[in-house]
Amino acid sequence: MARPGGEMIFKDRVSIVTGASQGIGESIALELSREGAEIILVDVQKEKLEEVAQKISKSNGKAAVFCADVSRMDQAMDVAEKVVQDHKKIDHLVNNAGITRDNLLMRMKEEEWDSVLSVNLKGVFNFSKAVIRNMIGNRYGRIVNISSVVGLMGNAGQSNYAASKAGVLGFTKSLAREVAARGITVNAVAPGYIATPMTENLPDSVKNMFVELIPVKRFGTPDEIAHVVKFLLSDDAAYITGQVINVNGGMVMSP
Ligand code: NAP
């Protein structure tokens, strides 16, 4: 999406991406870096984070690595504080880190519920709260939260995950209303089934069953999510806020 003349659209922008060491988060980080943003990579997987940072520096981009657990408010605050110390500002936050702990409700342990809600929903709260004061001060900011098609349609065996991802949608719309007048947009992207480490261990029979439900008849790619995130972070999307963008091969269609 570089502008005519080759100018990168995120030159001098500072972008935090959580869950950036693999899958969709890695694709988003690489995509934003290609557009000139300095990427703050956040994840619990330190070695993989370093690998992503190396990929970025090899292609002449800039990245900093923060090993942090998004479910911990103190760690989210530490990351935001250090980024503001170093760069004075945070332009973009992509809340992408997420986990699954699938089980039928009858068998679901309290720990499986708590861990999924802590990472997928409280993690979005933690990082959004950590950056919002700086964005308000700058009267500029873009937040994109990664939800899921499962948050819209539900899925047997994923009541914890669906609840967390539906919660992200309510959070997105509420925060969007709070900060819209300060030059900050807050949107959600709801991916369908995407080929990443999160889905690669599904049995082939389950994957085939899902493909049957997807009108385009394939899983999506991480880059297909990253492209939409890039658009929502761009100045071209300044008038889009509080929206949920479905990127799911037609699996669920807007009413
Ligand atoms: P992934 O390959 O499992 O990557 C997620 C990354 O987040 C992993 O590196 C993971 O580390 C990290 N992470 C987990 N807990 C964390 C925490 N507490 N703090 C910081 N980082 C943490 O998953 P993905 O498929 O790329 O998914 C990315 C996002 O898209 C998630 O929010 C997911 O729910 C959502 N999504 C995915 C799909 C799909 O089909 N793949 C569909 C809809 C929505 P560990 O590996 O160590 O846990």
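To start, this report covers the structure provided alongside it. What you are looking at is a predicted structure, and each value in this text was computed from that prediction instead of being measured.

## A look at the packing of aromatic side chains
Aromatic ring pairs are reported here in terms of the distance separating the ring centres and the angle at which the planes meet. Going through the model one piece at a time under the given rule, you end up with two aromatic pairs. On the numbers, 5.7 Å between centres and 40 degrees between planes, the contact of Tyr 193 with Phe 219 is tilted. Placement of the pair is Tyr 193 in the loop between strand E6 (184-191) and helix H7 (197-200) and Phe 219 in the loop between helix H8 (204-213) and helix H9 (222-233), with a sequence separation of 26 residues. Each of the two residues, Tyr 193 as well as Phe 219, counts as buried. Between Arg 13 and the ring centre of Tyr 140, over which it is positioned, the NZ or CZ distance is 4.1 Å.

## Comments concerning the packing of helix H4 (residues 110-138) against helix H6 (residues 159-179)
Put simply, H4 and H6 touch, their axes get as near as 8 Å, and they point 15 degrees apart. With respect to each other, H4 and H6 are oriented roughly parallel. For the pair H4 and H6, the sense of crossing is right-handed. Where H4 abuts H6, its residues Glu 112, Trp 113, Val 116, Leu 117, Asn 120, Leu 121, Val 124, Phe 125, Ser 128, Ile 132 and Ile 136 lie against Ser 159, Asn 160, Tyr 161, Ala 163, Ser 164, Lys 165, Gly 167, Val 168, Phe 171, Leu 175 and Val 179. Partitioning the contact of H4 with H6 into residue classes produces 14 nonpolar, six polar and two charged.

## Things to note about the site of the ligand
In the vicinity of the ligand there are 29 residues, among which Gln 45, Asp 69, Asn 96, Tyr 161 and Thr 196 approach most closely. Note that an oxygen atom of the ligand is positioned 2.9 Å from one of the side-chain N or O atoms of Gln 22. Asp 69 is positioned with one of its side-chain polar atoms (N or O) 2.8 Å from a nitrogen atom of the ligand. Considering the ligand on its own, with 870 Å² of exposed area, one finds that the protein chains cover 89% of that surface. Those elements giving two or more residues to the shell around the ligand turn out to be helix H1 (23-34), H6 and H7. Among the elements that take part in the shell around the ligand, H7 stands out by supplying three residues, more than any other. Grouping the constituent residues of the shell around the ligand by class yields 14 nonpolar, twelve polar and three charged.

## Considerations on the environment of Lys 165
The topology assignment puts Lys 165 in helix H6. Residue classification places Lys 165 among the buried positions, given a relative accessible area of 3%. Residues Lys 165 and Val 116, spaced 49 residues apart in sequence, show a C-alpha to C-alpha distance of 9.7 Å. Not counting residues up to four positions away in its chain, the partners in contact with Lys 165 are Asn 120, Ile 146, Ser 147, Ser 148 and Gly 151.

Reading the values: rules and limits
Residues numbered from 1 in each chain as written. Predicted model: local features only at pLDDT ≥ 70, side-chain atom pairs only at ≥ 80, totals over all residues. Heavy atoms only, no water. Phe/Tyr/Trp six-rings, centres within 6.5 Å; stacked < 30°, edge-to-face > 60°. Helix = DSSP H or I, 4+ residues; strand = E, 2+ residues; numbered from the N terminus. Buried < 20%, exposed > 50% of the residue type's maximum accessible area, 1.4 Å probe, protein only. Lys NZ or Arg CZ within 6 Å of the ring centre and 35° of its normal. Axes fitted to C-alpha atoms, helices over the stretch in contact; angles between N-to-C directions. Parallel < 35°, antiparallel > 145°, perpendicular 65-115°, else oblique. Left-handed = near helix turned anticlockwise from the far one by under 90°. Contact = heavy atoms within 4.5 Å. Nonpolar A, V, L, I, M, F, W, Y, C, P; charged D, E, K, R; others polar. Near = heavy atom within 4 Å. Polar contact = N/O pair within 3.5 Å; in protein donor to acceptor, adjacent residues only side chain to side chain. Areas by Shrake-Rupley, 256 points an atom, 1.4 Å probe, with all protein chains shown as cover.

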